[in-house]
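Secondary and tertiary structure notes
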Amino acid sequence: MHMEVLQVSPELAAEWLTRNTSNRPLSKSAVQQLAGRIQRGEWQLTHQGIAFDEDGVLIDGQHRLAAIAKAGMTVPLTVTHGVPRSSFTVMDTGRKRTGRDALALVGEANSTHLAAALRGLHLYLNAPNSAWSGGSSVTSNDQLLTMLDQHPGIRDALQHGITLNRACRITVTAATIGWYVTTEARPDIEQTSWKEGIVTGARLEPGDPRLTLRNTMLSLATGKSHRRRDDSREHLLYYLKAWNAWAEDRPIKLLRRSPNETMPRITKQTTAVSAHGVLRQS
């Protein structure tokens, strides 16, 4: 058995795939994800590559080769020849490194919630109206780290998101993204009273957007309202609807999501002096 590092072209990858006679069925979504990483320049040479057995049959790495062919780009790859056929049963049995793992390795706190929030932020910015579940929603670890570098304020937003989650059961992901994007889009609005109103619900009149959001989330959490698979997207939609109403000083008594409803844009509407006592200018 011996190993070498080769520059594998799409043509060579396609030729080697013809030796694939005993692998598991190919996952199109896995190939698409890997091809995307190659095209974004995220491919890195590691000890994990492809392997051929004693007879030259491909026994590991079909998804990597298929991704290279799909991406249409040449990349370096570790190639192992002469692997005993008996080792096939123990290949790919280890756990893949998750986004949480990648963030924890670079010293980030609350890495589980942070990874979910970064993934959600990526989807909000790039595909806000798509389904936030399934293969199309997968975000690579490199994408998460890039997002964190581009949006460092998400760390502070996460602390607010955790507090709001504890108060009304909105998902941490939705609350974090909601806090972050509204703060970034409207730095002229002081959000302390927004947060305090949702957390306590104290002395809020019916129709107050903070009370409506709080009650909606608590109702969803107790099963009194219908829940959907992509809860964080739904919760974020409610968050932004309520926030827009609060920022515009208008009441809202009901939060609902109609079929195919798009993600709300953050309001730019302002008044000279709002009911929150903040001078605002557009």
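That block above? That's the structure.
Residues numbered from 1 in each chain as written. Predicted model: local features only at pLDDT ≥ 70, side-chain atom pairs only at ≥ 80, totals over all residues. Heavy atoms only, no water.

Turning our eyes to something else, we now look at the overall build of the chain. Counting its secondary structure elements, the chain contains eleven helices and four strands. Burial status across the chain gives 46% buried among its 282 residues. Contacts in the chain between residues far apart in sequence, at least 24 positions, make up 70% of those at least 6 positions apart. With the model as given, the accessible surface of the chain reaches about 15,000 Å², and the carbon-plus-sulfur share is 50%. (Helix = DSSP H or I, 4+ residues; strand = E, 2+ residues; numbered from the N terminus. Buried < 20%, exposed > 50% of the residue type's maximum accessible area, 1.4 Å probe, protein only. Contact = heavy atoms within 4.5 Å. Areas by Shrake-Rupley, 256 points an atom, 1.4 Å probe, with all protein chains shown as cover.)

Residues Tyr-124, Trp-194, Leu-213 and Tyr-239 are the most contacted members of the largest nonpolar core, which totals 45 residues. Of all the secondary-structure elements, those providing two or more residues to this core are helix H5 (111–126), helix H6 (141–150), helix H7 (154–168), helix H8 (172–185), helix H9 (192–200), helix H10 (209–221) and helix H11 (231–247). A total of ten residues in this core trace back to one element, the largest contributor, which is H11. Apart from residues lying up to four places away in sequence, Leu-213 is in contact with Trp-194, Ile-198, Tyr-238, Tyr-239, Ala-242 and Leu-255. (Core = buried A, V, L, I, M, F, W, Y, C linked by side-chain atoms within 4.5 Å.)

With that settled, consider the packing of H5 against H7. Packing of H5 against H7 brings their axes to within 11 Å, and their N-to-C directions diverge by 110°. For the element pair H5 / H7, the angle class is roughly perpendicular. Side by side, H5 and H7 meet where His-113, Leu-114, Leu-118 and Leu-121 of the first sit next to Ile-154, Leu-158 and Ile-162 of the second. Grouping the amino acids of the contact of H5 with H7 by side-chain chemistry returns six nonpolar, one polar and no charged. (Axes fitted to C-alpha atoms, helices over the stretch in contact; angles between N-to-C directions. Parallel < 35°, antiparallel > 145°, perpendicular 65-115°, else oblique. Nonpolar A, V, L, I, M, F, W, Y, C, P; charged D, E, K, R; others polar.)

Along strand S2 (residues 50–53), one buried face is formed by Ile-50 and Phe-52 and the opposite face, lined by Ala-51 and Asp-53, is buried too. As paired strands, S2 and strand S3 (residues 58–60) are joined by two bridges and run antiparallel to one another. The residue of S3 that forms the bridge with Ala-51 is Asp-60. (Pairing = 2+ DSSP bridges.)

Quick look at a nonpolar patch on the surface now. Where nonpolar side chains cluster on the molecular surface, the patch consists of Leu-105, Val-106 and Leu-145 and spans about 270 Å² of accessible area. On the secondary structure map, Val-106 appears in the loop between helix H4 (99–105) and H5. Val-106 sits in the exposed class, given a relative accessible area of 51%. (Patch = residues over 30% accessible without salt bridge, like charges linked within 9 Å, V, L, I, M, F, W, Y side chains within 5 Å. Salt bridge = Lys/Arg side-chain N within 4 Å of Asp/Glu carboxyl O.)

Overall, mixed pairing links the four strands, which are arranged S1-S4-S2-S3 in an open sheet. Each edge of the open sheet carries a strand with a single partner, namely strand S1 (2–8) and S3. Between one strand axis and the next, the sheet turns by 35° as a mean value, whatever way the strands run. Sheet strands in contact with helix H1 (residues 10–17) are S1, S2, S3 and strand S4 (75–83), and its direction is about 130° off that of S1.

On to unusual backbone geometry. The phi torsion at Arg-203 lies on the positive side, around 60°, for a residue other than glycine. Its location among the elements puts Arg-203 in the loop between H9 and H10. At Asn-260, a residue that is not glycine, the phi angle is positive and equals roughly 65°. With respect to the element layout, Asn-260 can be found in the segment after H11. Residue classification places Asn-260 among the exposed positions, given a relative accessible area of 78%.

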